[in-house]
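The lines below spell out each chain.
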Amino acid sequence: MTMSTNETAQRLHGVMAEFDSAQELVDAARQTMAHGFTKVEAYSPVPIEELNDIIHKKRTKLSQIVLAGGLAGMATGFGLQYWASVIEFPMNIGGRPQASWTTFIVPSYELTILFAALSAAIGMIVLNGLPQPYHAVFNVDRFSMASSDKFFLVVESADPKFDQPVTAEFLRSTGAKGVYDVDE
Amino acid sequence: MANHSHNTALLEETPVILPGHDFETVTETIAEIPLSKRFPLGWIGVLLIGVGLAGMLHMALGYLLLKGIGIWGNNVPVGWAFDIINFVWWIGIGHAGTLISAILLLFKQQWRMSISRFAEAMTIFAVACAAIFPVFHTGRPWLAAYWLFPYPNAMGLWPQFKSPLIWDVFAVSTYATVSIVFWYIGMIPDMATLRDRAVSRVKATIYGMLSLGWRGSARHWHRYEVASLILAGLSTPLVLSVHTVVSFDFAVSVIPGWHATIFPPYFVAGAIYAGFAMVLTLAIPVRRFYGMESLITMRHIDNMAKITLATGLMVGYGYGVEAFFAWYSGSPHERFMMWNRMFGPYAWSYWTLIAINVVMIQLLWLKSVRQNNGLLFVMSLFIGIGMWLERFVIIVTSLNRDFIPASWGMYYPTQWDFMTFFGTIGLFLTLFLLFLRFVPMISIFEVKMLLPQSKVKHDHVH
């Protein structure tokens with residue numbers, strides 16, 4: 001009996017429940033977390049601010065990455081100009097100072113923004129584990145509606161409390177419009 | 001609280017999107033266009049015009065590479081003419097896209113959601129058109145690489161970082177890169193929608209690759225929203241800096257008519273003014289042709305007309321201050337420059353621009369004008385012309401009669417100047433039409449966020 005549950009758990013990514021609106025999904029996610037599940041993920045066609053707080057409870061490190069990127073950009077911009085105009089290729093134009101930092105402001109500023117913006121974009125993509133062409137949730141036919149007008153909640157088989165029939169029954173009790181097994 | 005209900009009442013009066021939409025209809029209306037097999041006749045017709053003009057651009061630039069920049073009309077004393085006029089004009093047009101997608105996002109202006117995608121597309125294509133001019137004005141664009149960009153080359157040369165022209169390279173290339181990144185990031189969830197709805201295997205694969213495997217999980221969305229907000233926050237100072245730096249090309253020089261501290265804000269206001277006019281030029285026919293009136297509503301048109309009016313008034317103030325500076329400076333050269341602008345050989349261009357950018361736009365105070373699509377479309381075209389003339393006036397009338405009368409001269413554009421300019425309009429049109437056909441022109445997920453289905457009550461009781 002224990003054996004067969006484990007086998008099921010290995011073949012399954014989890015159990016997926018379908019909902020009609022953001023409110024229903026948020027309510028179900030709250031109940032699921034309150035029930036003690038830990039490996040849970042919600043999928044929606046629009047961003048829903050509350051879900052991350054309910055399910056994952058921690059905020060992304062992205063802003064720190066962007067700050068680091070921006071500072072690196074500023075240092076690169078200023079360093080590049082200082083090095084090129086003062087050390088590598090000094091030009092004496094009317095005896096003006098080589099290291100005139102005021103004239104270095106614009107490129108330093110632009111590179112700050114460039115590096116920060118690229119950090120934000122690439123950081124978001126990499127932290128999200130993208131590009132990822134395959135994911136188990138795509139095995140559920142109904143999941144193609146997740147980008148259109150349906151909302152989904154998945155309890156993953158990696159959850160210690162996961163037990164396929166019981167979990168499916170629980171998700172139905174949260175008001176799901178449909179419950180599906182997600183094959184690995 | 002009273003204020004809030006007042007706002008709600010206003011929203012009900014002129015909704016951001018017309019009633020009757022739900023998630024499914026929004027997805028269907030927008031995704032249908034890139035996914036359909038149909039190429040409407042009107043679309044093909046306009047595309048042919050665009051491609052034809054772009055072909056002319058190809059010819060004009062090809063001939064330029066063969067003969068050199070002597071085929072253009074600019075020469076001493078007017079060393080800068082169409083190349084910089086068109087550059088500034090196109091860059092300026094791009095600004096409205098970033099304003100809509102970044103600044104209005106920070107201000108939580110929800111009406112921006114239906115128009116941000118194609119305004120951003122407009123930005124990117126306008127910047128692409130703009131870049132052609134300075135690069136080809138170098139005459140040998142393949143050498144422009146080491147003139148413009150700092151990279152270790154065999155000659156050991158480095159650009160002059162103390163020049164506004166190099167600042168401009170950094171500003172514009174950063175602007176182009178960040179705009180493309182912002183645009184693409186904004187499109188990822190919609191690409192997933194197209195992937196999931198595509199019937200044909202080829203389309204599903206292409207849109208699938210572009211969506212990077214987006215699943216819309218809570219973690220994804222959380223990082224996505226943080227990234228979008230940060231990108232908007234970064235784009236806001238960026239867009240204000242770009243036209244500021246473009247204005248430095250002039251303001252940092254010592255030419256009367258250019259050397260003025262009003263230039264940065266005046267250029268930025270002019271850019272947004274021209275840009276919003278261009279969004280109107282594009283939005284009015286597009287919403288009609290594609291039946292998008294329920295998503296791009298009269299509320300959008302009205303708001304854009306108001307922003308055009310507001311920024312137009314700032315531009316008008318700029319004209320006034322320029323004239324005041326010239327008089328108040330007490331410098332005979334500054335005063336003569338202004339006199340030459342108003343009554344010299346190019347007076348027609350100055351007074352036409354005043355007629356458009358100062359007089360005509362006062363019509364936008366009237367609600368009946370802001371609600372009249374046809375009139376607004378014609379006015380937006382005129383504003384495009386007006387802003388082009390503004391750059392013509394700033395550049396040509398400041399240069400054609402400088403300090404020494406012996407070096408005065410007239411500037412006349414050649415056919416190659418015109419072919420290049422109209423050619424870039426064709427290039428823009430071509431890129432824009434391809435965008436309309438193959439990419440969701442309105443952000444699907446953002447419009448959905450306006451619908452009740454995506455709303456969650458904050459004070460939830462179990």
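Residues numbered from 1 in each chain as written. Chains lettered and ligands numbered in written order. Predicted model: local features only at pLDDT ≥ 70, side-chain atom pairs only at ≥ 80, totals over all residues. Heavy atoms only, no water.

Engineer: Tell me about the overall build of chain B, residues and numbers included.
Structural biologist: Regarding its fold elements, chain B presents 17 helices and 0 strands. Rg of the C-alpha trace for chain B: 24 Å, near the compact-globule value of 23 Å for 462 residues, within the 12% margin. C-alpha extents for chain B along the principal axes are approximately 85 × 55 × 45 Å. Per-residue burial for chain B yields a buried fraction of 58% across its 462 residues. Carbon together with sulfur atoms contributes 71% to the accessible area of chain B, which is approximately 18700 Å² in total. (Helix = DSSP H or I, 4+ residues; strand = E, 2+ residues; numbered from the N terminus. Rg over C-alpha atoms; globule rule 2.2 N^0.38 Å. Buried < 20%, exposed > 50% of the residue type's maximum accessible area, 1.4 Å probe, protein only. Areas by Shrake-Rupley, 256 points an atom, 1.4 Å probe, with all protein chains shown as cover.)

Engineer: Give a description of the domain arrangement of chain A that names residues and reports values.
Structural biologist: Domain boundaries assigned for chain A yield domain 1 (2–58 + 133–183) and domain 2 (62–127). Domain 1 of chain A and domain 2 of chain A are separated by 45 Å when their C-alpha centres are compared. (Domains from an automatic or database assignment.)

Engineer: I'd like a rundown of helix α11 (residues 298–328) of chain B, residues and numbers included.
Structural biologist: Between the first and last C-alpha of α11(B) there are 44 Å, a value that for 31 residues agrees with the 45 Å anticipated at 1.5 Å per step. Remark: B:G330 follows α11(B) within two positions and exhibits a positive phi of approximately 75°. (Expected span 1.5 Å × (residues − 1).)

Engineer: Before we move on, could you go through the environment of B:W221 and cite the residues and values that matter?
Structural biologist: Mapped onto the secondary structure, B:W221 falls in helix α9 (residues 218–251). The exposure class assigned to B:W221 is buried, which follows from its relative accessible area of 3%. Note: C-alpha distance between B:W221 and B:P189 (32 residues apart in sequence) is 9.4 Å. The contact partners of B:W221, leaving out residues within four places of it in the chain, are A:S44, A:P45, A:V46, A:P47, B:P189, B:W214, B:G216 and B:F445. A polar contact is formed between the side chain of B:W221 and the backbone oxygen of A:S44, at a distance of 2.8 Å. (Contact = heavy atoms within 4.5 Å. Polar contact = N/O pair within 3.5 Å; in protein donor to acceptor, adjacent residues only side chain to side chain.)

Engineer: I'd love a proper account of the pattern of salt bridges, names of residues and values included.
Structural biologist: Scanning all chains against the criterion turns up 14 salt bridges over all chains. The closest approach of N and O atoms between A:E169 and A:R172, which form a salt bridge, is 3.3 Å. Taken together, the positions of A:E169 and A:R172, both in helix α6 (residues 164–173) and 3 residues apart, correspond to about one turn of that helix. Here A:E169 falls in the partly exposed class, since its relative accessible area comes to 48%. Note on A:R172: relative accessible area 44%, which makes it partly exposed. Between B:E24 and B:R197 there is a salt bridge, with the nearest N and O atoms lying 3.5 Å from each other. (Salt bridge = Lys/Arg side-chain N within 4 Å of Asp/Glu carboxyl O.)

Engineer: Lay out the layout of surface pockets with the relevant residues and their values.
Structural biologist: Estimated volume of the largest pocket: approximately 1400 Å³. Lining the largest pocket are 40 residues, and of these A:E49, B:K108, B:M113, B:E225 and B:M449 sit closest to its centre. Considering every element that reaches the lining of the largest pocket, the biggest residue donor is α9(B), with 10 residues. (1 Å grid on protein atoms, 1.4 Å probe; cavity = no way out; pocket = protein on both sides within 12 Å on 5 of 7 lines; lining within 4 Å. Points joined across faces, edges and corners; volume = space filled by probe spheres on them.)

Engineer: How would you sum up the packing of helix α4 (residues 82–106) of chain B against helix α5 (residues 116–137) of chain B? Please name residues and give values.
Structural biologist: Residue and element names in this part refer to chain B. Put simply, α4 and α5 touch, their axes get as near as 7 Å, and they point 160° apart. One way to sum up the angle between α4 and α5 is to call them roughly antiparallel. Between α4 and α5 lies a crossing of left-handed hand. Taken together, the residues of the contact of α4 with α5 sort by class into 15 nonpolar, 8 polar and 2 charged. (Axes fitted to C-alpha atoms, helices over the stretch in contact; angles between N-to-C directions. Parallel < 35°, antiparallel > 145°, perpendicular 65-115°, else oblique. Left-handed = near helix turned anticlockwise from the far one by under 90°. Nonpolar A, V, L, I, M, F, W, Y, C, P; charged D, E, K, R; others polar.)

Engineer: Residues and numbers for the pairing of strand β3 (residues 151–156) of chain A, please.
Structural biologist: All names here are of chain A. Of all 6 residues that make up β3, 6 are buried, and the element is covered over most of its length. Side-chain alternation along β3 places F151, L153 and V155 on one buried face and F152, V154 and E156 on a second face that is also buried. In this structure, strand β1 (residues 12–19) lies alongside β3, joined through 6 bridges in antiparallel fashion. Bridging across to β3, A17 finds its partner in L153. Where strand β2 (residues 40–43) meets β3, 4 bridges bridge the pair, whose relative direction is antiparallel. Counterpart to A42 in the pairing with β3 is L153. (Pairing = 2+ DSSP bridges.)

Engineer: I'd like to hear about unusual backbone geometry, residue by residue, with values.
Structural biologist: What is expected of a backbone is that most residues other than glycine have negative phi and most peptide bonds are trans. Residue A:P131 is reached from A:L130 by a cis peptide bond, and omega for that bond is -5°. Structurally, the position occupied by A:P131 is in the loop between α5 (105–127) and β3. Geometrically, the link from B:V76 to B:P77 is a cis peptide bond, its omega value of 5° lying close to zero. Note on placement: B:P77 falls in the loop between α3 (41–67) and α4. Its identity is not glycine, yet A:K57 carries a phi of approximately 60°, on the positive side. Residue position: A:K57 is located in the loop between α3 (49–56) and α4 (62–88). By relative accessible area, A:K57 is classed as exposed at 57%.

Engineer: Can you explain the interface of chain B and chain A? Please cite residues and give values.
Structural biologist: Tallying the contact residues gives 59 residues for chain B and 67 residues for chain A. Together, the buried faces of chain B and chain A total about 5600 Å²; carbon and sulfur atoms form 67% of this surface. Area buried by chain B at its contact with chain A is led by B:W158, B:K162 and B:R215, which between them contribute 14% of it. In this structure, the connection of chain B to chain A is made through 25 residue pairs in polar contact (both at pLDDT 80 or more). (Buried area = accessible area lost by both parts, 1.4 Å probe.)

Engineer: So what about the side chain of B:R341? Which residues, and what values?
Structural biologist: All names here are of chain B. With respect to the helices and strands, the residue R341 is situated in helix α12 (residues 332–343). For R341, a relative accessible area of 1% corresponds to the buried category. Only 3.3 Å separates the side chain of R341 from the side chain of E322, close enough to count as a polar contact. Of the polar contacts made by the side chain of R341, one reaches the side chain of S398; its length is 2.8 Å. Once residues lying within four places of it in the same chain are set aside, the contact partners of R341 are G257, E322, Y346, A347, Y350, V393, I394, T397 and S398.

Engineer: Talk me through the nonpolar core; I want residue IDs and the actual numbers.
Structural biologist: Of all hydrophobic cores here, the largest spans 192 residues; its most connected members are A:L153, B:W90 and B:F435. Element by element, the count of residues in this core is highest for helix α10 (residues 263–289) of chain B, at 17 residues. No fewer than three residues from each of domain 1 (2–58 + 133–183) and domain 2 (62–127) of chain A sit in this core. If we ignore the near neighbours within four places in the chain, the residues touching B:F435 are B:R117, B:F118, B:A121, B:F125, B:W183, B:P440 and B:M441. (Core = buried A, V, L, I, M, F, W, Y, C linked by side-chain atoms within 4.5 Å.)

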